[in-house]
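Geometric and topological summary
So you can see what is in the structure, the chains are spelled out below.
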Amino acid sequence: PAPGDRLVDRAAGFLRHATVEVPSAGTTSWSTVADVRLRQAEVAGIRDRIASGADLDAELEREIAEGAGEVDRISSQTDGLQRTGDPVTDAHHRTNTLYNDMRGGIPWDEDRFPWGDWLDFCRTRNRAVVDRHRAWFDARATSDVATAATLVLESVRDGDADLERLALEYLPFWFGRRHGDPSRPWNRFNIHVRDDEGGRILSYEGNWRDIFQNWEALALAHPEWLDRMVAKFVNATTSDGYNAYRITREGIDWEVPEPDNPWSNLGYWGDHQIVYLTRLLESLAGLAPGRIDDWMDRPIFSSADVPYRMVAHDELMADPRRSIRFDADAHDESMRRVESLGTDGRLVQDGAGVVHSTFGEKLLIPVLAKLCSFVPDGGVWMNTQRPEWNDANNALAGYGLSMVTACQLRRHLDLLRSIYRRSDGSIAFSTATAEWLRSTEKVLRSEYGLLEAATIDDADRGRVLERLVRADRKSTRLNSSHANISYAVFCL
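Rules used throughout
Residues numbered from 1 in each chain as written. Predicted model: local features only at pLDDT ≥ 70, side-chain atom pairs only at ≥ 80, totals over all residues. Heavy atoms only, no water. Helix = DSSP H or I, 4+ residues; strand = E, 2+ residues; numbered from the N terminus. Buried < 20%, exposed > 50% of the residue type's maximum accessible area, 1.4 Å probe, protein only. Core = buried A, V, L, I, M, F, W, Y, C linked by side-chain atoms within 4.5 Å. Contact = heavy atoms within 4.5 Å. Salt bridge = Lys/Arg side-chain N within 4 Å of Asp/Glu carboxyl O. Pairing = 2+ DSSP bridges. Axes fitted to C-alpha atoms, helices over the stretch in contact; angles between N-to-C directions.

1. A look at unusual backbone geometry
For aspartate 79, which is not glycine, the phi dihedral falls at a positive 55°. As for its position among the elements, aspartate 79 is in the loop between helix H2 (56-76) and helix H3 (87-104). You will see that glutamate 110, though not glycine, has its phi angle at about 55°, which is positive. Inspection of the secondary structure assignment puts glutamate 110 in the loop between strand S1 (106-107) and strand S2 (112-114). Of the residues examined, glutamate 110 reaches a relative accessible area of 44% and is grouped as partly exposed.

The following block contains the structure:
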């Protein structure tokens, strides 16, 4: 290939043919080994080893044992090895744990990480932050090892919300692979765990559901990273209450229109959004409740600037399967910001940079989005062109309701009530979110009498839904203007 050409791996198939005599009650065996991603010199080395007459069978068995031992060491880091009276159950647990490790990744070394990787992470995300704190970043050698707790403490420097936000999102995970479903061409496996020198590649990527369902389990073995998982979650949600399609170490990603691709489709994947956040928050509240309380009124969190726009209410009612418009200009502007700044360019920004929100605001926005699609006595309207709960609901997207999300929302609101009641004073919201909250609360208060009715008829359901949806269709674009909202409004 010419310099600069991109090499593309291609699947290969082959047949192996041999004539073998197996004696009575005897056995025969063979091994098929595929050494891939090798340089020409390495291929030549294998050829020479085969020609040398060396005991390759013994060498192969030794390598298999070493590989199995390494997998056991990985599994032991997430409590994957157990011995009970039921070996089948043990094997099942071991397999599930290993698959979970492969999906979301595992920490580099418990709560420690290499300083050089943290520096690379910040350079990728926001080069302006690195420039502002150059002396601090350069104070350590890239080979130095730091801890998660120390990073957060040191990142609270000069009131730089961006630096603290990045420290709260930094997750030095490795061994993960990108989930891929061969039946879906937009899903492609990525299994890159070591570099050319054999070092661990610290990276993770996956669809929203794939990542957070795995981190929920991972947090049981590594609770020291639980607050970072929560921060990653809320920083990747949008200002209108939804979430980006894909989560990566580098930030977020979304789908773009592909007119010639019949598989191409846009929409917010809202499945499991509320339930995953609930479980992560419940775990964090049980582990370190003060962490949540400290975040509530601090504007150190971000919002994903996904260039999807919900259509006007009348258009939505006319065709609820076509509720999303792709904003090409906003996408192009985001890509320009990425080029000049780093992947933080995909976040909501204004003239001063990344727009920051309090944790109290970030927690409430997804709730408002769900409430404004709520059908009384029914469920949450699945109107974002994607299934709200799981693949079984594909056919319901647009015209269906999710009872599961409604039930999980009830549990989530119980949790939030206890969190907001502990908040001391007021919480800063953007003016757009504050107005959204007030208009939604006004609708719900005025319709409160329906709870006392024996039944809720279709006319009542339609009236409430229309009022809620119209409240949601007002602008929810975040900006730097804030309004302080008393915590008492959330404790009703």
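2. Topic: the nonpolar core
Trp118, Phe212, Trp215, Leu281 and Phe359 are the most contacted members of the largest nonpolar core, which totals 91 residues. Considering every element that reaches this core, the biggest residue donor is helix H15 (residues 359-371), with 8 residues. Setting aside chain neighbours within four positions, we find phenylalanine 212 in contact with Met229, Lys232, Phe233, Ile247, Tyr276 and Leu280. Within the second largest apolar cluster, 6 residues are counted, among which are Val311, Val375, Trp381 and Val469.

3. Looking at the pattern of salt bridges
Taken as a whole, this structure holds 46 salt bridges when the rule is applied. The closest approach of N and O atoms between arginine 249 and aspartate 117, which form a salt bridge, is 2.9 Å. With arginine 249 in the loop between strand S6 (246-248) and strand S7 (251-253) and aspartate 117 in helix H4 (residues 115-125), this residue pair connects regions lying 132 residues apart in the sequence. For arginine 249, a relative accessible area of 7% gives the class buried. For aspartate 117, a relative accessible area of 13% corresponds to the buried category. For arginine 325, the salt bridge is made with glutamate 315, and the minimal N-O distance between the two is 2.3 Å. Residue arginine 325 is found in strand S9 (residues 324-326), and its partner glutamate 315 is found in helix H13 (residues 313-318); the two are separated by 10 residues along the sequence.

4. Focus on the sheet that holds S6
Read across the open sheet, the 3 strands follow the order S5-S6-S7; overall the sheet is antiparallel. Bordering the open sheet on either side are strand S5 (205-207) and S7, each of which pairs with just one other strand. This sheet shows a mean twist of 20° between the axes of neighbouring strands, independent of strand direction. Judged from the 3 bridges that link them, S6 and S7 form a sheet pairing that is antiparallel. Bridging across to S7, threonine 248 finds its partner in glycine 251. Contacts from helix H9 (residues 208-221) reach S5 and S6, with the element oriented near 110° to S5.

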